[in-house]
Amino acid sequence: MLKPFSSLIDLSTGFLKDYDNKVERRLSNLKGMFSDNESFESMLASGDTLVYEVFEKKVPEESGQLAHAVTVIYPGKVGIEYFMTKGHFHVKEPTAELYLGIKGQGGIITQDKEGNSQYLDMSVGSLVYVSPYWAHRTVNTSDEPFSFLAVYPAEAGHDYGTIEKMGFPKLVVEQDGQTSLVDNPKFIKKTS
Ligand code: PAN
Ligand code: ZN
């Protein structure tokens, strides 16, 4: 049986100090996810930039356990679209998730299976409740790393394939120095 344990988020840097596992996502891992392919390819040609990292604590993937991880999204854009996570639905769809902004500025774009979408700004202390059934992707809208804590049922699982196929209904972009949401021309709405 898992004993109670603690870990430490350094609030001055936004990093989880004593993580068990780190996932690195580079540009090449996000191929096809940004809207502007030309900018993506030319950026990738000059280096496989680190886009985000996920620092995880290990807990058994079973009912009753709470998985938790700190994500750090680095500042940057592909074309006008901010650096972002891949985004996913949970495999066990009726599972919610709680996000807490730790450092920096960003936002979360969500969608349900009907293609409804909602964007929420995030800054230090923002507490976001991602309702069951809603896919979620976070973006860094600032010029410093954006860090947040995520807590979710350990058995939730991550379905990346659906998002790889359909995308999100909206893109989070910088236009005239402002963060804006624009329609994603490549979004594929689920028909069944
Ligand atoms: C988060 C995400 C994390 C990375 O912990 O997994 O921010 O995003 P992707 O998983 O979309 O690459 C979470 O939502 N867990 O369920
Ligand atoms: Zn999730």
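Not measured: the values here are computed from a predicted model.

Each value, and the rule that gives it
Residues numbered from 1 in each chain as written. Chains lettered and ligands numbered in written order. Predicted model: local features only at pLDDT ≥ 70, side-chain atom pairs only at ≥ 80, totals over all residues. Heavy atoms only, no water. Pairing = 2+ DSSP bridges. Helix = DSSP H or I, 4+ residues; strand = E, 2+ residues; numbered from the N terminus. Axes fitted to C-alpha atoms, helices over the stretch in contact; angles between N-to-C directions. Polar contact = N/O pair within 3.5 Å; in protein donor to acceptor, adjacent residues only side chain to side chain. Near = heavy atom within 4 Å. Areas by Shrake-Rupley, 256 points an atom, 1.4 Å probe, with all protein chains shown as cover. Nonpolar A, V, L, I, M, F, W, Y, C, P; charged D, E, K, R; others polar. Salt bridge = Lys/Arg side-chain N within 4 Å of Asp/Glu carboxyl O. Buried < 20%, exposed > 50% of the residue type's maximum accessible area, 1.4 Å probe, protein only.

Looking now at the sheet that holds strand E12 (residues 127-130). A sheet is described by the order of its strands in space; here six strands give the open sequence E3-E4-E5-E14-E9-E12, paired in antiparallel fashion. The open sheet has two free edges, formed respectively by strand E3 (21-26) and E12, since each of these has just one partner strand. Sheet twist, expressed as the average angle between the axes of neighbouring strands with direction ignored, equals 20 degrees. Strand direction decides the pairing type here: strand E9 (residues 97-103) and strand E14 (residues 146-153), joined by five bridges, are antiparallel. When the sheet's bridge partners are listed, Lys103 is paired in E14 with Ser147.

Our focus in this paragraph is helix H1 (residues 37-45). One side-chain oxygen at the N-terminal end of H1 lies 3.3 Å from the backbone nitrogen of Glu38; it belongs to Asp36. Trailing H1 by a residue or two, Gly47 shows a phi angle of about 145 degrees, which is positive.

Glancing now at the site of ligand 1. Around ligand 1, the structure places 16 residues, and the nearest of them are Tyr52, Thr71, Glu97, Tyr99 and Tyr160. The side chain of Glu97 places a nitrogen or oxygen atom 2.8 Å from an oxygen atom of ligand 1. Tyr160 places a side-chain nitrogen or oxygen 2.5 Å from an oxygen atom of ligand 1. Protein burial of ligand 1: of its 390 Å² of free accessible surface, 97% is covered by the chains. Looking at the shell around ligand 1, the elements with two or more residues in it are strand E4 (50-57), E9 and E14. Ranked by residue count, the leading element in the shell around ligand 1 is E14, at three residues. Partitioned by chemical class, the residues of the shell around ligand 1 number seven nonpolar, seven polar and two charged.

Turning our eyes to something else, we now look at the pattern of salt bridges. As enumerated under the stated definition, the model contains nine salt bridges in all. Measuring nitrogen to oxygen at the nearest pair gives 3.3 Å for the salt bridge that ties Arg26 to Glu24. The class of Arg26 is partly exposed, set by a relative accessible area of 28%. Lys170 is paired through a salt bridge with Asp183; the nearest N and O atoms lie 2.5 Å apart. With Lys170 in strand E16 (residues 170-175) and Asp183 in strand E17 (residues 178-183), this residue pair connects regions lying 13 residues apart in the sequence. For Lys170, a relative accessible area of 29% gives the class partly exposed. Through salt bridges with shared partners, a single ionic network connects Lys22, Glu24, Arg26 and Glu53.

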